[in-house]
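Given next are the chains, with one letter for each unit.
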Amino acid sequence: MNGKLDRPGGALHFEVIDATPRWAGAAPLIVFHHGIGATADIWADWLPALVDRYRIARFDTMGFGRSAVARAAGEGRFHFVGESLGGTVGLALASRHPDALVSLTASNASHRGGSIQRAREWREFICARGMAAWAEMMTPLRLDRAGVTDGQWRWFERAQAEASPDSVLDLADLLIGADLSPRLVGIRVPTLLLAPAQSPFVPLAVMEEIHAGIRGSELQVFADARHGLPCSHGAACGRALRAFLDRRAV
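Predicted, not measured: the structure shown is a model, and the values here were computed from it.

**Q** How would you summarise the side chain of Arg242 if you had to cite specific residues and measurements?
**A** Relative to the elements of secondary structure, Arg242 occurs in helix α9 (residues 234-248). By relative accessible area, which is 17% here, Arg242 ends up buried. One polar contact links the side chain of Arg242 to the main-chain carbonyl oxygen of Ala49, over a distance of 2.9 Å. If we ignore the near neighbours within four places in the chain, the residues touching Arg242 are Ala49, Leu50, Asp52, Arg53 and Tyr54.

This is the structure in structure tokens:
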């Protein structure tokens, strides 16, 4: 099912994938929220490990439409997966509206915007050189060229180049100003943290701090991954999520 929701600031386009057997009854819903400079396609390699058991809702937006997407998909509580900015959104959602979620998965995400390295440089860089140059600069910080296909590299570079500069910069400012540290202790839903050890934006120590702050959370570290972990290691992330849901979801 594809759809469009009219939201302040523009329409939110979403897709719901349901490949579960009809005789299995209503399948649980996972809502995926991507980060700055990506699109819903970043989740493609996660899906094979999930689609036999879960409905998938993913969307292209730089905004905060996650609960609206869940309602449009006909769901009350849902599993939430977010990467980068989307992971920060998930932490905020889990701390403020715990009854909305069944579980939370946050990948390459920070709870303290001030800890995010290099993002403060983006405004000056983009204003001076434009989005294509920003995309060319950013892609090697997200992906190891030797560890991804040419198609993955070109997709990420193109997605960043085509992103709205106003959205990128406004959301970066919003992210930098966030501090969810006091709220971590209030997160009670089962939580999985997927951490790239080589991210130039979110140091591993930051995700270890989130892990320490959320009681009962699980942390999986990808030693060779940069900030584009959900793209470069998508299949492994999907398998990790499925195993986590099989263990912890109710």
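**Q** Tell me about the packing of helix α3 (residues 122-129) against helix α4 (residues 131-142), residues and numbers included.
**A** Axis separation between α3 and α4 bottoms out at 7 Å; the angle between their running directions is 130 degrees. Taken as axis vectors, α3 and α4 run oblique relative to one another. Taking contact as the criterion, the partners of Trp122, Phe125, Ile126 and Arg129 in α3 are, on α4, Met131, Ala133, Trp134, Met137 and Met138. A per-class count over the contact of α3 with α4 returns 8 nonpolar, no polar and 1 charged.

**Q** Before we move on, could you go through the packing of α3 against helix α6 (residues 165-176) and cite the residues and values that matter?
**A** At a closest axis distance of 10 Å, the pairing of α3 and α6 adopts a crossing angle of 165 degrees. In terms of orientation, α3 lies roughly antiparallel with respect to α6. Of the two possible hands of crossing, α3 and α6 adopt the one that is left-handed. Two secondary-structure elements touch here, α3 through Trp122, Arg123 and Ile126 and α6 through Pro165, Val168, Leu169, Asp170, Ala172 and Asp173.

**Q** Would you mind going over α9 in detail, with residue names and values included?
**A** Between its first and last C-alpha atoms α9 spans 21 Å; for 15 residues at 1.5 Å apiece the expected length is 21 Å, and the two agree. Listed as buried for α9 are Gly234, Cys237, Gly238, Ala240, Leu241, Arg242, Phe244 and Leu245.

**Q** Any details on the pairing of strand β3 (residues 29-33)? Residues and values, ideally.
**A** The buried fraction of β3 is high, at 5 of 5 residues. Alternating residues of β3 divide into Leu29, Val31 and His33 and Ile30 and Phe32, and every residue in both groups is buried. Bridge analysis of β3 against strand β4 (residues 55-60) gives 4 bridges, and the strand direction is parallel. Bridge pairing links Leu29 to Arg55 in β4.

**Q** I'd like to hear about the pairing of strand β5 (residues 78-83), residue by residue, with values.
**A** Burial analysis of β5 places 6 of its 6 residues in the buried class, which makes it a mostly covered element. Burial of the side chains of β5 extends over both faces: Phe78, Phe80 and Gly82 are buried on one face and His79, Val81 and Glu83 on the other. Pairing analysis gives 4 bridges linking β3 to β5, with the strands arranged parallel. Bridged to Val31 within β5 is Phe80. The pairing of β5 with strand β6 (residues 101-107) spans 6 bridges and is parallel.

**Q** Just give me the short version of the packing of aromatic side chains, but keep the residues and values in it.
**A** Counted by the stated rule, this structure contains 6 aromatic pairs. For the ring pair Phe32 and Trp46, a centre distance of 6.1 Å and an interplane angle of 85 degrees mean the geometry is edge-to-face. A residue pair is termed long-range when its members are at least 10 positions apart, and Phe32 in strand β3 and Trp46 in the loop between β3 and β4 qualify at 14 residues. For Trp46, a relative accessible area of 0% gives the class buried. Taking 5.4 Å as the distance between ring centres and 75 degrees as the angle between the ring planes, the aromatic pair formed by Trp122 and Trp134 counts as edge-to-face. Of this pair, Trp122 sits in helix α3 while Trp134 sits in helix α4; the two residues are 12 residues apart in sequence, bridging distant segments of the chain.

Definitions and cut-offs
- Residues numbered from 1 in each chain as written.
- Predicted model: local features only at pLDDT ≥ 70, side-chain atom pairs only at ≥ 80, totals over all residues.
- Heavy atoms only, no water.
- Helix = DSSP H or I, 4+ residues; strand = E, 2+ residues; numbered from the N terminus.
- Buried < 20%, exposed > 50% of the residue type's maximum accessible area, 1.4 Å probe, protein only.
- Polar contact = N/O pair within 3.5 Å; in protein donor to acceptor, adjacent residues only side chain to side chain.
- Contact = heavy atoms within 4.5 Å.
- Axes fitted to C-alpha atoms, helices over the stretch in contact; angles between N-to-C directions.
- Parallel < 35°, antiparallel > 145°, perpendicular 65-115°, else oblique.
- Nonpolar A, V, L, I, M, F, W, Y, C, P; charged D, E, K, R; others polar.
- Left-handed = near helix turned anticlockwise from the far one by under 90°.
- Expected span 1.5 Å × (residues − 1).
- Pairing = 2+ DSSP bridges.
- Phe/Tyr/Trp six-rings, centres within 6.5 Å; stacked < 30°, edge-to-face > 60°.

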